[in-house]
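Residue strings, one per chain:
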Amino acid sequence: NWNVIRDMSSSFNVSNGEFTAPRDGTYTFLLTFNFNSTVINDASRVESQFYNPVSNTVLASVYKTFGQSMTGTSDDAGFTRSTQAGGSSTVTLTLTAGTRVVARLLHNLVTTGSVPLRVTTDSSDPANPDDGFNNLTIIEH
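Computed from a predicted structure; not experimentally measured. (Residues numbered from 1 in each chain as written. Predicted model: local features only at pLDDT ≥ 70, side-chain atom pairs only at ≥ 80, totals over all residues. Heavy atoms only, no water.)

K.L.:
Hey, could you go over the side chain of Glu-18 for me, with residue numbers and the actual values?
P.N.:
Tracing the backbone shows Glu-18 in strand 2 (residues 18-20). On the accessibility criterion, Glu-18 (11% relative accessible area) is buried. Other than its neighbours up to four places away in sequence, Glu-18 contacts Ser-11, Phe-12, Asn-13, Pro-53, Arg-100, Val-101 and Val-102. (Helix = DSSP H or I, 4+ residues; strand = E, 2+ residues; numbered from the N terminus. Buried < 20%, exposed > 50% of the residue type's maximum accessible area, 1.4 Å probe, protein only. Contact = heavy atoms within 4.5 Å.)

See the structure below:
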């Protein structure tokens, strides 16, 4: 469900989320993300990967760790509380023309299952509280 604001080189494929480097050069990728609120495991982490689906390789990884949350353990006096997890990742890569890159997130925020990202359900509503939290910006230098 990508919503492209501007793609001056037509290098981003909306249907699969792949960026294809139009030329040999240096590219900076900035990914911001925000998950739906949930009870988060203590000492959990999110790994942002910038991945090449053709060569099946991770070009770069960025890790964000989360400290203690209210998970209902004895050190929380048995109380639980949902927490908003989010972050950002920035990497700069030297790519050859035609290299494809996909941004992906891996997390262990919860014991089982997954936590969805906050996404805009109504892009025509500028007051939507979920609008704009998840963004990918790619800059060619």
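K.L.:
Break down the packing of aromatic side chains for me, citing the residues and quoting the values.
P.N.:
Here the structure, examined in full by the defined rule, presents five aromatic pairs. Between Trp-2 and Phe-12 the ring centres are 5.1 Å apart and the planes differ by 80°, which places this aromatic pair in the edge-to-face class. On the criterion of sequence distance, the pair formed by Trp-2 in the segment before strand 1 (12-13) and Phe-12 in strand 1 is long-range, its members being ten residues apart. When the ring of Phe-33 is compared with that of Phe-35, the centres are 5.7 Å apart and the planes differ by 65°; the resulting orientation is edge-to-face. Across the pair, exposure class does not vary: Phe-33 and Phe-35 are buried alike. Taken together, the aromatic side chains of Phe-19, Tyr-27, Phe-29 and Phe-50 make up a single cluster linked through ring pairs. (Phe/Tyr/Trp six-rings, centres within 6.5 Å; stacked < 30°, edge-to-face > 60°.)

K.L.:
Quick one: what's the story with the sheet that holds strand 6 (residues 86-95), residue by residue and with numbers?
P.N.:
In a beta sheet, neighbouring strands pair by backbone hydrogen bonds and run either parallel or antiparallel. Strand order in the open sheet formed by three strands is 6-3-8, with antiparallel pairing between adjacent strands. The open sheet is flanked by strand 6 and strand 8 (135-140), the only strands paired with a single partner. Adjacent strand axes in the sheet meet at a mean angle of 15° when their direction is disregarded. Both strand 3 (residues 25-34) and strand 6 contribute to a ladder of ten bridges, which runs antiparallel. Paired with Thr-32 across the strands is Ser-88, a residue of strand 6. (Pairing = 2+ DSSP bridges. Axes fitted to C-alpha atoms, helices over the stretch in contact; angles between N-to-C directions.)

K.L.:
A description of a nonpolar patch on the surface should follow, citing residues and the corresponding values.
P.N.:
Side chains of Trp-2, Val-4 and Val-14 sit close together on the surface and give an oily, nonpolar patch of about 230 Å² of accessible area. In this fold, Val-14 is placed in the loop between strand 1 and strand 2. According to the relative accessible area criterion, Val-14 is partly exposed, its value standing at 39%. (Patch = residues over 30% accessible without salt bridge, like charges linked within 9 Å, V, L, I, M, F, W, Y side chains within 5 Å. Areas by Shrake-Rupley, 256 points an atom, 1.4 Å probe, with all protein chains shown as cover. Salt bridge = Lys/Arg side-chain N within 4 Å of Asp/Glu carboxyl O.)

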